[in-house]
Amino acid sequence: MQTTERLVKLLALITVVSWRIFWITMSARAQPDARPETVLTPAEIETLDRIDAARSKPRILRRTLATYLLQITMLGGYLARTRDHPPGNIVVWRRLTKLQDIAFIAIGSPRRCG
């Protein structure tokens, strides 16, 4: 952060990440019945499907964007009770980061040890 050029690059990266989080959140509110593929990557969808398949009682009954966003936010404690407000950008950001970590570990990278 000692040069203007580095600061500009960091701000550009943060802007893109912030825009994606805002876009996912607002897309799920505006079009809850949209397909999840419109805003989520195949790796994110596959990871959420694997997490849901491991549960004794599956939560993903319909493949909609709102359902998948709810699953993302529930990774870290969002309860989705009747009176709860819809998840905001900060909650989505924190849980999307956790989902990325799970996807990296579960699906793995092309390089394997051993």
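Since the structure is predicted, the reported quantities are computational estimates derived from the model, not experimental observations. Counting of residues starts from 1 at the beginning of each chain's written sequence and follows it residue by residue. Restriction of local features to residues with pLDDT of at least 70 applies here, the model being predicted, together with a cutoff of 80 or more for giving and counting side-chain atom pairs; totals for whole chains, interfaces and linings are based on all residues. Derived side-chain values reflect all non-hydrogen atoms in the structure, with water molecules and hydrogen atoms excluded from consideration.

Participant: Looking at this model, I keep getting lost on the pattern of salt bridges. Mind explaining?
Facilitator: Side-chain pairs of opposite charge can arise where the charged atoms are in close proximity. Any Lys or Arg side-chain nitrogen located within 4 Å of an Asp or Glu carboxyl oxygen qualifies as a salt bridge. Throughout the structure, instances matching the rule amount to nine salt bridges. Where Glu5 meets Lys9, a salt bridge forms, and the shortest distance between an N and an O atom there is 3.3 Å. Taken together, the residues span about one helical turn, with Glu5 and Lys9 both in helix H1 (residues 4-30) at a distance of four residues. On the accessibility criterion, Glu5 (53% relative accessible area) is exposed. Ionic pairing is found between Asp52 and Arg55, a salt bridge with its closest N-O pair at 3.3 Å. The partly exposed category is assigned to Arg55, whose relative accessible area is 23%. One salt-bridge network, in which partners are shared between bridges, spans Arg35, Glu37, Asp49 and Arg63. Strands here are runs of E lasting at least two residues and helices are runs of H or I lasting at least four, both read from the DSSP assignment and numbered beginning at the N terminus. Think of it in three bands: residues with accessible area under 20% of the maximum for their type are buried, residues over 50% are exposed, and the middle band is partly exposed, with areas taken using a 1.4 Å probe on protein chains only.

Participant: Where do I start with the nonpolar core in this structure?
Facilitator: Side chains that are nonpolar tend, in soluble globular proteins, to be buried together. By nonpolar core we mean a set of buried residues, namely Ala, Val, Leu, Ile, Met, Phe, Trp, Tyr and Cys, connected to one another through side-chain atoms within 4.5 Å. Counting 17 residues, the largest nonpolar core has Ile24, Leu40, Tyr68, Ile72, Leu96 and Leu99 as the members making the most contacts within it. For this core, the elements supplying multiple residues, two or more each, are H1, helix H2 (42-53), helix H3 (65-73) and helix H4 (89-107). A total of four residues in this core trace back to one element, the largest contributor, which is H3. Discounting chain neighbours no more than four positions away, the residues touching Ile24 are Val39, Leu40, Leu69 and Leu96. The contact definition used throughout considers only heavy atoms, calling two residues in contact when any of these lie within 4.5 Å.

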